[in-house]
Amino acid sequence: MSRILLLGGTTEAGALAQALAGAGIAAVYSYAGAVAAPRSQPLPVRVGGFGGIAGLCAYCRAEGIGAIIDATHPFAAQMSNHAVAAAAALGLPLAALERPPWQPVAGDRWIGVASMAEAAQHLVGRRVFLGIGRNELAAFGGGDGAQAGSGPRARRFLLRLVDPPQSPPLANADWVVARGPFTLAGDLALLRAHDITCIVSKNAGGSGAYAKIEAARALSLPVVMVARPQIAPRLSFATVAGVMGWLAQGAALGAAHNAGQLRGV
Ligand code: 3Y8
Ligand code: NAP
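Residues numbered from 1 in each chain as written. Chains lettered and ligands numbered in written order. Predicted model: local features only at pLDDT ≥ 70, side-chain atom pairs only at ≥ 80, totals over all residues. Heavy atoms only, no water.

Participant: Outline the nonpolar core, listing residues and values.
Facilitator: Grouped burial of nonpolar side chains is what soluble globular proteins tend to show. Leu6, Leu16, Leu20, Ile69, Trp246 and Leu247 are the most contacted members of the largest nonpolar core, which has 21 residues in total. Mapped onto this core, the elements with two or more residues apiece are strand S1 (3-7), helix H1 (11-22), strand S2 (27-31), strand S4 (65-70), strand S5 (94-97) and helix H8 (240-248). One finds Ala120, Phe157, Leu159 and Ala173 within the second-largest nonpolar core, a separate group that totals 20 residues. (Core = buried A, V, L, I, M, F, W, Y, C linked by side-chain atoms within 4.5 Å. Buried < 20%, exposed > 50% of the residue type's maximum accessible area, 1.4 Å probe, protein only. Helix = DSSP H or I, 4+ residues; strand = E, 2+ residues; numbered from the N terminus.)

See the structure below:
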């Protein structure tokens, strides 16, 4: 009996796991192993990388995977691109559960940039909240953009990390250890307590990381918004219902989808 491989790590992946378990569909939920204690799921869970595209193909063959659903974060581009390549190599149906990007609304002061490196060149003021986790801090570690260095004129950063760091992850930085989803009240208090003048955010979409965007709007703070990386073309749905409907049509039809003969919604 074939199983679904659900590439997870997001709020939406958790909702899809609930739907799959509720429908009695055999599936395995996959985490990268990026944090010490990932949230439990109502499906069997595997943790850790596969070992590149070849490792992912070998895993799918060994585990009798009949379809892949990519519900990873929109910035998990390498995993998503590996899933596209493995599905093509194995002729497996693949669909993504992808939340729409956030769009600015009245009162938002967004500065749109294409990368973290570009974000570092558009910081505003001396106290910057980097709401981007710990893995992309290099861009802020030095050079003019970050205005690193010591002294009263040096820019100061506030980080938010899922796990306590082993060593300071960035010069001139304070940090809080917290796991989302976050709240407007909590993020308003955080930004006020640290006299934040500017926020850097990935355009993650979804609800779990949006509180800081709403808080910035309420405080009329600029948000340096980093656009999503490019991902290879694949069938994509914006809702759990869309993915469940695709599965109900059967994996064979899913393969037709992947061949571009049918479009998801
Ligand atoms: C390991 C698994 C759920 C999923 C919850 C969502 C919401 C809360 C908001 C800020 C932004 C950030 C970060 C964030 C959010 C959700 C979601 C989301 C952003 C967990 C989780 C894993 C990760 C990995 C982690 C990254 C980091 C990014 C923190 C679980 C909690 C900044 C993304 O220390 C590390 O190595 C952390 C790495 C990738 C980005 C980075 O580069 O640091 N997420 N986050 C997944 C795995 O092992 O496969 O424990 O639930 C999941 C969630 N984090 O079911 O409730 O759906 O997006 N995660 C960003 O958006 O910029 C925080 O602070 O305002
Ligand atoms: P990434 O850069 O796209 O992937 C790097 C490598 O990590 C992949 O090649 C793969 O290793 C492994 N990997 C990633 N996601 C995996 C998964 N779900 N299951 C098994 N292996 C996985 O990924 P990332 O941006 O570091 O994200 C890691 C995890 O955190 C993902 O589950 C993602 O959904 C979650 N997350 C990321 C962000 C973010 O901001 N990037 C935000 C929230 C949650 P191999 O090559 O060895 O197979």
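Participant: Go over empty space enclosed by the protein with me, naming the residues and quoting the values.
Facilitator: Counted according to the given criterion, the structure contains two cavities of 30 Å³ or more. Put simply, the largest cavity is a space of about 40 Å³. What lines the largest cavity is simply Arg127, Val128, Arg156, Phe157, Leu158, Asp174, His194 and Ile196. With three residues, strand S8 (residues 156-161) is the largest single contributor of residues to the lining of the largest cavity. A per-class count over the lining of the largest cavity returns four nonpolar, one polar and three charged. Roughly 30 Å³ of volume is contained in the second largest cavity. (1 Å grid on protein atoms, 1.4 Å probe; cavity = no way out; pocket = protein on both sides within 12 Å on 5 of 7 lines; lining within 4 Å. Points joined across faces, edges and corners; volume = space filled by probe spheres on them. Nonpolar A, V, L, I, M, F, W, Y, C, P; charged D, E, K, R; others polar.)

Participant: Mind laying out the pairing of S4, listing which residues take part and the relevant values?
Facilitator: When you tally the buried positions in S4, you get six out of six residues, the bulk of the element. Summarising the sheet, S1 and S4 pair through five bridges and their orientation is parallel. Across the sheet, Leu6 pairs through a bridge with Ile69, a residue of S4. Judged from the three bridges that link them, S4 and S5 form a sheet pairing that is parallel. Of the residues in S5, the one forming a bridge with Ile68 is Leu94. Following the backbone out of S4, through helix H3 (residues 77-90) and into the adjacent parallel S5, one traces a crossover that is right-handed. (Pairing = 2+ DSSP bridges. Right-handed = clockwise from strand over helix to strand, strands pointing away.)

Participant: How would you explain the site of ligand 2 if you had to name every residue and give the values?
Facilitator: Close to ligand 2 lie 20 residues, the nearest being Gly8, Ser30, Phe50, Gln78 and Lys202. In the model, a nitrogen atom of ligand 2 is placed 2.7 Å from a nitrogen or oxygen of the Ser30 side chain. Within the backbone of Phe50, a nitrogen or oxygen atom sits 2.8 Å from an oxygen atom of ligand 2. In isolation ligand 2 has 810 Å² of accessible area, and contact with the protein removes 75% of it. Elements represented by at least two residues in the shell around ligand 2 include exactly S2 and H3. The greatest single-element share of the shell around ligand 2, amounting to four residues, is contributed by H3. Taken together, the residues of the shell around ligand 2 sort by class into seven nonpolar, eleven polar and two charged. (Near = heavy atom within 4 Å. Polar contact = N/O pair within 3.5 Å; in protein donor to acceptor, adjacent residues only side chain to side chain. Areas by Shrake-Rupley, 256 points an atom, 1.4 Å probe, with all protein chains shown as cover.)

These figures come from the coordinates and say nothing about function on their own.
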